[in-house]
Amino acid sequence: MAMSPIRQADRLRESYRGRSVVHCKECGLFTQSGKTFCSEHSYMERYAQDVRLRIAQRDKEINDLEKNGGPLTTGGSLSKEILGHLCNTHCTTRRLSRDLQLSETVINAACKHLSKAGKIRTWRNKRGSTVVGLPDTET
Ligand SMILES: [Zn+2]
């Protein structure tokens with residue numbers, strides 16, 4: 001397969017400079033100015049950065065919920081995780097905590113925010129445990 005002009009340029013540029021080279025993590029070609037990916041795969045760097053940001057935001061939210069009960073971004077990763085889980089089922093907050101491997105403090109605080117935002121509803125089962133489900137869940 002013929003090499004794309006962009007890749008050729010990457011390769012040439014590096015041979016001109018002749019300094020210490022970094023290879024693209026994806027394809028192994030030389031990259032520009034010490035970058036982790038070549039120009040063709042630079043989108044992967046942006047993707048990786050995006051993932052790192054989302055993980056950092058999720059960690060911060062969990063920490064804040066644990067300590068101060070919030071805040072929670074209702075469109076954030078953690079909310080999506082909870083709402084995604086409730087897509088197929090409704091369950092007690094205790095069960096949700098176990099399934100998502102998050103403390104009950106975090107789950108209870110997060111559910112309070114999601115409920116206030118109308119994303120979920122909560123009710124009590126016969127045993128008196130708090131159950132959460134999507135707003136249209138039939139009980
Ligand atoms: Zn590459």
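The structure under discussion appears in the preceding block.
Since we're looking at a predicted model, the values are computed, not measured.

### Focus on the overall build of the protein
Here comes step 1: Counting its regular elements, the protein contains five helices and three strands.
Here comes step 2: Across the protein, helices and strands are ordered from the amino to the carboxyl terminus as α-α-α-β-α-α-β-β.

### Things to note about the packing of helix 3 (residues 77–86) against helix 4 (residues 93–100)
Two packed helices can be described by the angle between their axes and the distance between those axes.
Here comes step 1: At a closest axis distance of 11 Å, the pairing of helix 3 and helix 4 adopts a crossing angle of 115°. Taken as axis vectors, helix 3 and helix 4 run roughly perpendicular relative to one another. Crossing of helix 3 against helix 4: the hand is right-handed. Contact residues: E81, I82 and H85 in helix 3; L96, D99 and L100 in helix 4.
Here comes step 2: Grouping the amino acids of the contact of helix 3 with helix 4 by side-chain chemistry returns three nonpolar, one polar and two charged.

### Regarding the nonpolar core
Here comes step 1: Membership of the largest hydrophobic core comes to 14 residues, with the highest contact counts inside it found for A110 and C111.
Here comes step 2: Residue assignment for this core shows that the elements contributing at least two residues are helix 3 and helix 5 (104–116).
Here comes step 3: Top contributing element to this core by residue count: helix 5, with six residues.
Here comes step 4: For C111, the residues in contact, after removing those within four places along its chain, are T93, I120, T122 and V132.

### What about unusual backbone geometry?
Here comes step 1: Residue G70 is joined to P71 through a cis peptide bond whose omega torsion reads 5°.
Here comes step 2: Within the chain, S33 stands out as a residue other than glycine whose phi angle is a positive 35°.
Here comes step 3: Here S33 lies in the loop between helix 1 (5–17) and helix 2 (42–68).
Here comes step 4: Given 8 C-beta atoms within 10 Å, S33 falls into the exposed group.
Here comes step 5: One non-glycine residue, Q101, adopts positive backbone phi at about 55°.
Here comes step 6: Relative to the elements of secondary structure, Q101 occurs in the loop between helix 4 and helix 5.
Here comes step 7: According to the C-beta neighbour criterion, Q101 is exposed, with 6 such atoms within 10 Å.

### A look at the packing of helix 2 against helix 5
Here comes step 1: Direction vectors running N to C along helix 2 and helix 5 enclose 95°, while the axes themselves pass 8 Å from each other. Considering their axes alone, helix 2 and helix 5 lie roughly perpendicular with respect to each other. Packed against helix 2, whose contacting residues are I62, L65 and E66, the element helix 5 presents T105, V106, A109 and A110 at the interface.
Here comes step 2: When grouped by side-chain class, the residues that make up the contact of helix 2 with helix 5 number five nonpolar, one polar and one charged.

### Here we look at the sheet that holds strand 1 (residues 91–92)
Here comes step 1: Read across the open sheet, the three strands follow the order 1-3-2; overall the sheet is antiparallel. Sheet topology places strand 1 and strand 2 (121–124) at the edges, where each strand pairs with a single neighbour.

### Focus: helix 3
Here comes step 1: Residues of helix 3 that are buried: L78, S79, I82 and L86. The buried residues of helix 3 all sit within an arc of 100° when viewed along its axis, so they share a single face.
Here comes step 2: Those residues of helix 3 hidden inside the fold are in contact with helix 2, helix 4, helix 5 and strand 3 (130–133).

Each value, and the rule that gives it
Residues numbered from 1 in each chain as written. Predicted model: local features only at pLDDT ≥ 70, side-chain atom pairs only at ≥ 80, totals over all residues. Helix = DSSP H or I, 4+ residues; strand = E, 2+ residues; numbered from the N terminus. Axes fitted to C-alpha atoms, helices over the stretch in contact; angles between N-to-C directions. Parallel < 35°, antiparallel > 145°, perpendicular 65-115°, else oblique. Left-handed = near helix turned anticlockwise from the far one by under 90°. Contact = placed C-beta atoms within 7 Å. Nonpolar A, V, L, I, M, F, W, Y, C, P; charged D, E, K, R; others polar. Core = buried A, V, L, I, M, F, W, Y, C linked by C-beta atoms within 7 Å. Buried ≥ 20, exposed ≤ 12 C-beta atoms within 10 Å, placed from the backbone. Pairing = 2+ DSSP bridges. Arc of directions from axis to C-beta.

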